[in-house]
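# Geometric and topological summary
Now for the letters of each chain:
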Amino acid sequence: MTMHPMTLLAHDEPNPWMSVTPPIVQSSLFTFATVEEMEQRFAGNGNQPIYSRGDNPTVQLFEQKVAELEGGEAARAFSSGMGAISGAILSLVKAGDRMVCVRDVYPDAYRFMQKLLSRLNVTVEYVDGSNTEAVIERLDGAAVLYLESPTSWTMRTQDLPRLAAAARQRGVVTLCDNSWATPLYQQPLNAGIDLVVHSASKYLSGHSDTVAGIVVGSQARIDAINDLAYPYLGAKLSPWEAWLLLRGMRTLPQRVATQRRSVGMLSRRLREHPDVASVLHPTLGSDSHTPAEEGGSPFTIALQPWIDPRKFCNALHWFKLGVSWGGYESLVIPSIVSLAQAASVANALIDFDVPTNLVRLHVGLEHVEDLWQDLAQAFTHAKVETP
Ligand SMILES: *Cc1c(COP(=O)(O)O)cnc(C)c1O
């Protein structure tokens, strides 16, 4: 039975206690009545859980729900988005392989590729993902194409159906980070992408109380992750956090719709604000492949030279200074902080030429007019002092 995501998220499968919320099966292991039953299960028959680094019923509920939302056959949850990204990639590459990846990819995904994959003799080529032809040109002979639409900070989208088709023709496996759009607004698997990865810490959680990740794809691709990466990396999700995610996801459609409406209003006003040089947002860029009304968060503003990003961010009240996004609270981070990050080796912002006048805003669930007032007053406090 097909159903709307709102209905899917409002209900769970019945459980033995008929509790309306799913049980948190907080158990490391599961017992068997006889040696014969245990042997049967170890031989691969039945689906009783054995150990919570393998399967846990609460985590499985979360996996099933995200798989359904993304239109995938199966999913594997991880203890973080980076666990999901590294686990998925490590199930696909071997020494000597070449990957193609979009420029402006999430900074820790970039560090993983530059610092760890390079040691395994896997090379990565970074291409402007908004230039479809340029990406396709690099695909021959590559093992993996890694996409993130839109990209971090620069918010550049990719033409997923065309890239997926071109990659498939050439035997290149495609992955797409879909944390920003959520499966409600972009379904990479339906566009032909092989694997979707999420930082579930963001919108799927929605309450800034969990760090988690998930990979979704065909049964065969998830089997490969289970065979080659997941059990040995050990980055498993805890039952309690899976439960928090299931709880957070109940309101995913309502939260994201509200946040998108606010983003639409704020980004339009910011585009017209004299202190803003430009707004980097998938709905506003000329390279956009997303429908105009589908505006999401976070997005980035480029400040005019007479606005000091440090003063601007310090003057904000409702937009709290912090990393991450996707929760109920508004957040801000200036690019100067990430550019100055101590581990400047493989710093994506430096290597991809992100300028110093950018400020990334995540719009939470506060009233949009309060947020607008906050931004407007911060501009008045942020003028560069002229001697
Ligand atoms: C936060 C983030 C990640 C990493 O997720 P964690 O849960 O923090 O490990 C990956 N991709 C994107 C786009 C992100 O914003």
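Below, the structure is looked at part by part. Every value quoted in this text rests on a predicted model; they were computed, and no experiment measured them. (Residues numbered from 1 in each chain as written. Predicted model: local features only at pLDDT ≥ 70, side-chain atom pairs only at ≥ 80, totals over all residues. Heavy atoms only, no water.)

## Here we look at the sheet that holds strand β5 (residues 173-177)
To keep things clear, this is the line we draw: By this definition, two strands are paired if DSSP reports at least two bridges between them. The way it works is that DSSP assigns letters per residue, a run of H or I at least four long becomes a helix, a run of E at least two long becomes a strand, and they are numbered from the N terminus. Between N-to-C directions, angles cover 0 to 180 degrees, with each direction set by a line fitted to C-alpha atoms, over the stretch in contact for helices.
With respect to topology, 7 strands assemble into an open sheet ordered β1-β7-β6-β5-β4-β2-β3, the strand pairing being mixed. Each edge of the open sheet is held by one strand with a lone partner, namely β1 (74-78) and β3 (123-127). Between one strand axis and the next, the sheet turns through 20° on average, direction left out of account. One ladder, built from 5 bridges, connects strand β4 (residues 144-148) with β5; its direction is parallel.

## Some points on the site of the ligand
Test applied: By convention in these notes, a residue is near a molecule or strand provided one of its non-hydrogen atoms lies within 4 Å of it. By the criterion applied in these results, polar contacts are pairs of N or O atoms within 3.5 Å in which, for protein atoms, one can donate a hydrogen and the other can accept it, and in which residues neighboring in sequence qualify only through two side-chain atoms. In short, Shrake-Rupley with a 1.4 Å probe defines the accessible areas, and a residue's cover is counted only from the protein chains shown. Two kinds of site are reported from a 1 Å grid over the protein atoms alone, namely cavities, where a 1.4 Å probe fits but cannot get out, and pockets, open sets with protein on both sides within 12 Å along at least five of seven lines, and residues are called lining when an atom falls within 4 Å of a point. Think of it this way: if more than half of a molecule's atoms are within 2 Å of a pocket's grid points, that molecule is in the pocket or cavity. Just so you know the grouping, Ala, Val, Leu, Ile, Met, Phe, Trp, Tyr, Cys and Pro go in nonpolar, Asp, Glu, Lys and Arg go in charged, and all remaining residues, Gly too, go in polar.
The environment of the ligand is made up of 13 residues, and the closest members are G81, M82, D177, S201 and K202. In this structure, D177 approaches the ligand through a side-chain N or O atom, which is 2.6 Å from a nitrogen atom. Between the ligand and the protein, one listed contact pairs an oxygen atom with a side-chain N or O atom of K202 at 2.7 Å. If the ligand stood free it would expose 380 Å²; the protein chains cover 89% of that surface. Taking a 2 Å distance to the grid points as the criterion, the majority of the atoms of the ligand fall inside the largest pocket. If one sorts the elements of the shell around the ligand by residue count, helix α4 (residues 81-90) sits on top with 3 residues. Broken down by class, the residue content of the shell around the ligand amounts to 6 nonpolar, 4 polar and 3 charged.

## Side note on the layout of surface pockets
Filter applied, for reference: Grid points are joined across faces, edges and corners, and a volume is the space filled by probe spheres set on the points.
Here the largest pocket is characterised by a volume of approximately 780 Å³. The wall of the largest pocket is formed by 37 residues, among which Y106, K202, S324, W325 and R360 lie closest to the centre. Mapped by element, the contributors of at least two residues to the lining of the largest pocket are α4, α5 (107-116), β6 (195-199), β11 (331-334) and α14 (335-339). Classifying every residue of the lining of the largest pocket by side-chain character gives 16 nonpolar, 14 polar and 7 charged. Of the voids in this model, the second largest pocket is the one considered here, and its volume is about 280 Å³. Taken together, 18 residues make up the lining of the second largest pocket; nearest its centre are N15, P23, P57, T58 and L61. Residues belonging to the lining of the second largest pocket are distributed by class as follows: 10 nonpolar, 6 polar and 2 charged.

## Focus on the pairing of β11
Definition in use: Each residue's exposure class comes from its accessible area (1.4 Å probe, protein chains only) as a fraction of the maximum for that residue type: buried when under 20%, exposed when over 50%, partly exposed otherwise.
Residues of β11 alternate between two faces, with L331 and I333 on one and V332 and P334 on the opposite face, all of them buried. Pairing analysis gives 2 bridges linking strand β10 (residues 320-321) to β11, with the strands arranged parallel. Among the inter-strand pairings, K320 is bridged to a residue of β11, identified as L331. Pairing between β11 and strand β12 (residues 358-362): 4 bridges, direction antiparallel. In the strand pairing of β12, L331 is matched with H362.

## Regarding the packing of α4 against α5
Quick note on the threshold: Crossing handedness is defined as follows: a turn of the near helix away from the far one that is anticlockwise and smaller than a right angle gives a left-handed crossing, while the clockwise case is right-handed. Any two residues having at least one pair of non-hydrogen atoms within 4.5 Å are treated as being in contact.
Axis separation between α4 and α5 bottoms out at 10 Å; the angle between their running directions is 35°. By crossing handedness, the relation of α4 to α5 is classed as right-handed. Taking contact as the criterion, the partners of M82, I85, S86, I89 and L90 in α4 are, on α5, D108, A109, F112 and M113. Class assignment for the residues of the contact of α4 with α5 results in 7 nonpolar, 1 polar and 1 charged.

## Side note on the pattern of salt bridges
Operational definition: Each salt bridge in this description consists of a side-chain nitrogen of Lys or Arg and a carboxyl oxygen of Asp or Glu lying within 4 Å of one another.
Taken as a whole and assessed by the stated rule, the structure comprises 16 salt bridges. Note that D108 and R111 form a salt bridge whose closest N and O atoms lie 2.6 Å from each other. Taken as a pair, D108 and R111 lie in helix α5 at a separation of 3 residues, close to a single helical turn. Of the residues examined, D108 reaches a relative accessible area of 33% and is grouped as partly exposed. A salt bridge links K383 to D275; the shortest N-O distance between them is 2.9 Å. Here K383 is found in the segment after α16 (368-380), whereas its partner D275 is found in the loop between α12 (252-272) and β8 (276-280), with 108 residues between them in sequence. The exposure class of D275 is buried, given its relative accessible area of 6%. A single network of salt bridges, built from pairs that share partners, joins D12, K65 and R250.

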